[in-house]
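Residues per chain, in single letters:
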Protein chains: 4
Amino acid sequence: MELGLVGLGKMGGNMRERIRRAGHTVVGYDRNPDLADVGSLKELVDGLQAPRVVWVMVPAGAATQSTVDELAELLEPGDVVVDGGNSRWTDDEKHAGELAAKGIGFVDCGVSGGVWGLENGYALMYGGDAEHVAKVMPVFEALKPEGEFGNVHAGKVGAGHFAKMVHNGIEYAMMQAFAEGWELLEAVDSVTDVREVFRSWQEGTVIRSWLLDLAVRALDDDEHLAELRGFAQDSGEGRWTVEAAIDNAVPLPAITASLFARFASRQDDSPQMKMIAALRNQFGGHAVENK
Amino acid sequence: MELGLVGLGKMGGNMRERIRRAGHTVVGYDRNPDLADVGSLKELVDGLQAPRVVWVMVPAGAATQSTVDELAELLEPGDVVVDGGNSRWTDDEKHAGELAAKGIGFVDCGVSGGVWGLENGYALMYGGDAEHVAKVMPVFEALKPEGEFGNVHAGKVGAGHFAKMVHNGIEYAMMQAFAEGWELLEAVDSVTDVREVFRSWQEGTVIRSWLLDLAVRALDDDEHLAELRGFAQDSGEGRWTVEAAIDNAVPLPAITASLFARFASRQDDSPQMKMIAALRNQFGGHAVENK
Amino acid sequence: MELGLVGLGKMGGNMRERIRRAGHTVVGYDRNPDLADVGSLKELVDGLQAPRVVWVMVPAGAATQSTVDELAELLEPGDVVVDGGNSRWTDDEKHAGELAAKGIGFVDCGVSGGVWGLENGYALMYGGDAEHVAKVMPVFEALKPEGEFGNVHAGKVGAGHFAKMVHNGIEYAMMQAFAEGWELLEAVDSVTDVREVFRSWQEGTVIRSWLLDLAVRALDDDEHLAELRGFAQDSGEGRWTVEAAIDNAVPLPAITASLFARFASRQDDSPQMKMIAALRNQFGGHAVENK
Amino acid sequence: MELGLVGLGKMGGNMRERIRRAGHTVVGYDRNPDLADVGSLKELVDGLQAPRVVWVMVPAGAATQSTVDELAELLEPGDVVVDGGNSRWTDDEKHAGELAAKGIGFVDCGVSGGVWGLENGYALMYGGDAEHVAKVMPVFEALKPEGEFGNVHAGKVGAGHFAKMVHNGIEYAMMQAFAEGWELLEAVDSVTDVREVFRSWQEGTVIRSWLLDLAVRALDDDEHLAELRGFAQDSGEGRWTVEAAIDNAVPLPAITASLFARFASRQDDSPQMKMIAALRNQFGGHAVENK
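Residues numbered from 1 in each chain as written. Chains lettered and ligands numbered in written order. Predicted model: local features only at pLDDT ≥ 70, side-chain atom pairs only at ≥ 80, totals over all residues. Heavy atoms only, no water.

Draft legend 1. Representation of the pairing of strand β4 (residues 80-83) of chain D in the model. Residue and element names in this part refer to chain D. Residues Val 80 and Val 82 of β4 are buried on one face, and the alternating residues Val 81 and Asp 83, pointing to the opposite face, are buried as well. With 4 bridges joining them, strand β3 (residues 53-56) and β4 adopt parallel strand pairing. By the bridge assignment for β4, Val 54 is matched with Val 81. Traced from β3 through helix α3 (residues 62-74) to β4, the parallel crossover comes out right-handed. With 4 bridges joining them, β4 and strand β5 (residues 105-112) adopt parallel strand pairing. Counted as the bridge partner of Val 81 is Phe 106 from β5. (Buried < 20%, exposed > 50% of the residue type's maximum accessible area, 1.4 Å probe, protein only. Helix = DSSP H or I, 4+ residues; strand = E, 2+ residues; numbered from the N terminus. Pairing = 2+ DSSP bridges. Right-handed = clockwise from strand over helix to strand, strands pointing away.)

Draft legend 2. Expanded view of the confidence of the model for chain A. Residues of chain A with pLDDT of at least 70 account for 99%, and the chain-wide mean is 96. Reported for the predicted complex are a pTM of 0.96 and an ipTM of 0.96. (pLDDT = per-residue confidence, 0-100.)

Draft legend 3. Molecular detail of the relation of the copies chain D and chain B. Each copy of the sequence occupies a distinct position, and chain D is placed on chain B by a rotation of 180° and an axial shift of 0.0 Å, giving an RMSD of 0.0 Å. Expressed as an axis order, the relation between the two copies is that of a two-fold axis. Residue Glu 243 of chain D, judged by its C-alpha, is the member of chain D lying nearest the rotation axis, at 3.3 Å. The share of interface residues of chain D whose copies in chain B are also at the interface is 100%, consistent with both copies meeting through the same surface. (Least-squares fit on C-alpha atoms with pLDDT ≥ 70 in both. Contact = heavy atoms within 4.5 Å.)

Draft legend 4. Structural view of the pattern of salt bridges. If you walk through the whole model with that rule in mind, you get 64 salt bridges over all chains. The closest approach of N and O atoms between Glu 196 of chain D and Arg 199 of chain D, which form a salt bridge, is 2.9 Å. Within this pair, Glu 196 of chain D and its partner Arg 199 of chain D are both found in helix α8 (residues 194-200), separated by 3 residues, close to a single helical turn. Assessed through its relative accessible area of 25%, Glu 196 of chain D is described here as partly exposed. The partner of Asp 234 of chain D in a salt bridge is Arg 266 of chain D, and the shortest N-O contact between them spans 3.0 Å. Of this pair, Asp 234 of chain D sits in the loop between α9 (210-221) and α10 (237-247) while Arg 266 of chain D sits in the loop between α11 (253-265) and α12 (271-284), and the two are 32 residues apart along the sequence. Here Arg 266 of chain D falls in the partly exposed class, since its relative accessible area comes to 22%. One salt-bridge network, in which partners are shared between bridges, spans Arg 195, Glu 196, Arg 199, Asp 220 and Glu 223 of chain A. (Salt bridge = Lys/Arg side-chain N within 4 Å of Asp/Glu carboxyl O.)

Draft legend 5. Spotlight on the nonpolar core. Judged by nonpolar contacts, the single largest core of 239 residues is most densely connected at Phe 198 of chain A, Phe 198 of chain B, Phe 198 of chain C together with Phe 198 of chain D. Setting aside chain neighbours within four positions, we find Phe 198 of chain A in contact with Phe 178, Trp 182, Leu 185, Leu 212, Ala 215, Val 216 and Leu 219 of chain A together with Met 275 of chain D. (Core = buried A, V, L, I, M, F, W, Y, C linked by side-chain atoms within 4.5 Å.)

Draft legend 6. Fine view of the interface of chain D and chain B. Each partner contributes to the interface: chain D provides 21 residues, whereas chain B provides 21 residues. Summed over both partners, the interface of chain D with chain B buries about 1800 Å², with 70% contributed by carbon and sulfur atoms. Of all residues in chain D, the largest losses of buried area upon contact with chain B belong to Ile 246, Pro 251 and Phe 260 of chain D, amounting jointly to 37% of the total for that side. If you look at where chain D meets chain B, you find 0 salt bridges. On the surface where chain D and chain B come into contact, there are 4 residue pairs in polar contact (both at pLDDT 80 or more). Elements represented by at least two residues in the side of chain D that touches chain B include exactly α10, α11 and α12 of chain D. Residues belonging to the side of chain D that touches chain B are distributed by class as follows: 14 nonpolar, 3 polar and 4 charged. (Buried area = accessible area lost by both parts, 1.4 Å probe. Polar contact = N/O pair within 3.5 Å; in protein donor to acceptor, adjacent residues only side chain to side chain. Nonpolar A, V, L, I, M, F, W, Y, C, P; charged D, E, K, R; others polar.)

Draft legend 7. Layout of the sheet that holds strand β3 (residues 53-56) of chain B. All names here are of chain B. Pairing is mixed in the open sheet, where 7 strands are placed in the order β2-β1-β3-β4-β5-β6-β7. With partners counted over all chains shown, the strands left at the sheet margins are β2 (25-29) and β7 (151-155), one partner each. Pairs of neighbouring strands in the sheet enclose a mean axial angle of 25°, with direction left out of account. The strands that helix α6 (residues 130-143) touches are β1 (2-6), β3, β4 (80-83), β5 (105-112), β6 (123-127) and β7; relative to β5, the one it contacts most, it runs at about 30°. (Axes fitted to C-alpha atoms, helices over the stretch in contact; angles between N-to-C directions.)

Draft legend 8. Up close: the packing of aromatic side chains. Using the criterion set out here, one finds 28 aromatic pairs over all chains in the structure. Arranged with centres 5.9 Å apart and planes meeting at 75°, the rings of Trp 55 of chain A and Phe 140 of chain A form a pair that is edge-to-face. Residue Trp 55 of chain A is found in strand β3 (residues 53-56), and its partner Phe 140 of chain A is found in helix α6 (residues 130-143); the two are separated by 85 residues along the sequence. Among the residues examined, Phe 140 of chain A registers a relative accessible area of 0% and is labelled buried. Members of the aromatic cluster, connected to one another through ring pairs, are Trp 55, Tyr 126 and Phe 140 of chain A. Above the face of the Tyr 172 of chain B ring, Arg 262 of chain B is positioned so that its terminal group lies 3.7 Å from the ring centre. (Phe/Tyr/Trp six-rings, centres within 6.5 Å; stacked < 30°, edge-to-face > 60°. Lys NZ or Arg CZ within 6 Å of the ring centre and 35° of its normal.)

Draft legend 9. Highlighting the domain arrangement of chain A. Residue and element names in this part refer to chain A. Partitioning chain A into structural domains gives domain 1 (2-156) and domain 2 (165-271). In this complex, domain 1 contributes 6 residues to the contact, which on the side of domain 2 involves 9 residues. Between domain 1 and domain 2, roughly 710 Å² of surface is buried when both sides are summed, and carbon and sulfur atoms account for 65% of that area. Across the contact surface, domain 1 and domain 2 share 1 salt bridge. The shortest N-O distance in the salt bridge between Glu 243 and Arg 88 comes to 2.2 Å. Put simply, domain 1 and domain 2 have 1 residue pair in polar contact (both at pLDDT 80 or more) between them. Of the residues belonging to the side of domain 1 that touches domain 2, the class tally is 2 nonpolar, 3 polar and 1 charged. (Domains from an automatic or database assignment.)

Draft legend 10. Main features of the interface of chain A and chain B. If you look at the interface, chain A gives 68 residues, while chain B gives 68 residues. Summed over both partners, the interface of chain A with chain B comes to about 5700 Å²; 72% of that surface belongs to carbon and sulfur atoms. Viewed at the interface, chain B and chain A are joined by 0 salt bridges. Taken together, the links from chain A to chain B amount to 20 residue pairs in polar contact (both at pLDDT 80 or more). Of all the secondary-structure elements, those providing two or more residues to the side of chain A that touches chain B are β6 (123-127), β7 (151-155), α7 (159-187), α8 (194-200), α9 (210-221), α10 (237-247) and α11 (253-265) of chain A. Considering every element that reaches the side of chain A that touches chain B, the biggest residue donor is α7 of chain A, with 18 residues.

In structure tokens, the structure reads:
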């Protein structure tokens, strides 16, 4: 089939390649002309036969919104837009409504796979009406891993991004689990080879997992991670997961702890711990450390 | 080689079988005569040629202590005792010292694998002197999974149980991660098939893991876990992990949250939340619910 | 001065009384005619001399929005609306803008004091332009406690509700602190009189506080809180505090733990702990409890 | 009455002064001869009439143990030893048993009050047999605050230190509550005067407390705590509180979060966040920051 693909960065570029390898035609557009197959969204739309499928793979928020707005003007009834970026699930219903007003279908799709996706395939979670999903299916088949798993029609519009968001929330807590365990092992004298302990866990244990494999890879590069700073960004999905939990009164202690650990990692000095120091000094005369 | 194996319960019985399948001789003792090969520890020791290796696989605490005490009387210099149970790592040095006073070696070994170990092999983490470990190695080779991973000499006496304890701490937080994510997905309307979302994650995602596979199995048995009570025991290692972290001033927020969630799951009514209800009533006249 | 007061429930009714005791004129409106001084918002507005101050004390959300909408139609340039309810701070800027378009001022005011406010005074945190705040000042003076503290101009529009929201977030964690301590003391045998321990803490300790005094009152009513269910609602400010923290990448572990404990207290059975139980059963054959 | 007082540091010295002001005789011993009234423990014991009361106010652990050991040799049946230091409650039963073997009584006493105790009095929580407590009562009366609260016979031997430990656990979470709220207020633009918000809370609010008063004092010294490092020690009681909770399967999320925040504040770089950074880099090619 033919696919229009908007956004050819690290993710989008690899996805174009994987879809082409599956024998489909991809017309790609990117603001960066060095990456693009066509010079504008209009050219991209004109270059596809109706009914069209256009996959949007640009940053969540303003960039996705303006792309959807523009596609709403350019596309025709019967076409379908897929938002494969990291949009907040709450944006999906708005985008779907805006496009539906013009007779254009909408599918939201969470994509997991990172830099490994080109070779291993991408896990896909999508939401929307069955008829719209059906039009995109050949592309989903091209992108997904080769095994029997890796793609799911999760539910209504928004369900794809919601499922991907929860995936990332789980990912935060799994990473935190390994990180806490690693720090504790490194802190004691009796365990003399923490890296080999991690390596051994890759078979036969309850915690064997791809993240564990990656941890071993990282330790093989730098046994004590001595070259790294203990500093972690967060990309939105963790925050949204906690917000969704609050909206639904679901307690999420481990995932939230993982998010907060990242926040704290980015502070040069902790304001709240200054207050703790100040209070200890006030009631107990405990020494404070001045800057 | 010959091995004496003390404790032939769910774990020990399967381990005897796996070691025998590898061609070794196992003389097993259990308090339950229906399970045992010999009638007493003395018979077990007498039935092995020196230098002997005796693997203890009985409940941590009093049962392990009394078995070690008895073996210290029965064994000879040059023999080795392996504690493969779930002992607290702090017990190992005591046991090693007690046995060393008689010239008997000691190796502690954390064993992971549960009911799957007989077929898939057991992950093994052991601690102790190299000469003692060497004497047990054929048994480790028999028990471990077939791949290149799954056993490690983690360090000094105690390191095996310490590594296994941290494994279990990580396991607690990974389980909690999936559990939190599952509850959140079940709480929203837009995701119409949570089980299929979990199933899809088994390939191509960052969170693919054996625990995820098991979650899918559990959901295949009972899609919404409607037959289960939300009630979870803990078996000691989670508590010890947090205590070890406190001893080493290592923050462990996700693992500890997972432990506390289990504690709370076992309370019919939460005493602390009674106090919250009482305080809200005191200052705000907020309604309380009486029993 | 004259004040229009909309909403004469538990809080509003007591506030009317306290303001009148201070010698001011209050014209009160409530949908419930048994509580109201006038029959409509229009009558209320007509009964006040310009420039008017109208204090809105109705539930956050739709009720506050519709009252603000109606007042925007009824009031005149130079009048001021005070939102003294529990509105989310993000609503304030919208309300202020809507009123400013008609030349009407807006002040948001967080009010603390509960059922004790009539006698002890209400703590007030307000936000808005100095000229608008000045018009309300006599009412603030009437409502506040008699000492030198208890009211603050916290900043711009929204700052009052933001400060009150954070106050409540702190309150959640302080309540949780006492609740956790109480549960732990009740759990051990050596401490034979937990209520008297709490009572003793009311002087000389670092934790002496009004909440502690209230805890002692509650224990005097019911020494072991045996009549209560461990069940706590939350009224929005705790959730908003965590959301604001997430927006600002501020880690809030203790306040969030307190919020999640309330969520969990309202679940008959914990879905996430069902998943934990299911996973333990899958890998270890651990017994589950069926319903 | 007469009291022997061992340990005349910051706490002990002030306590000697307060007891003397109440008209009692205090014979003080300290290793530092500049502080001491007598040159040795033996001189202290010889200088008191039987039945004696000797209050030990030295660091927990080895110093307290050796003092108790020495007093067990020097004192006579009918005498009483009070441990007023910060001993772990688990040490008390051991000390009581050791002294009881010689007919000497033992009372453990948790003392709160810090640098303010000399003027305001010390809150006291004590454990032990009624007959031993009775012998110390005049000293308790001298030390306690003037109001009706501030001292309690909490239960059996160990109950005093246990109650004081829980007091400190609660204190940790209350401090953390104010610290989190303060950081959040400082993080937003709309609240222009955070210090005045804190000051206003001192009356009429639910969170009014001595710790709040101290926070205002600290902010008056340094409005944004700009001179301090966000660095907090912990003195043992917080750790023991969490350990006691684990022993009793009591969930303690807010207190534990407060303890872990202190641990993290003391790390120059967080090992666990290095692992998070390494994993993000592995799966997503996310940039890491090198040292």
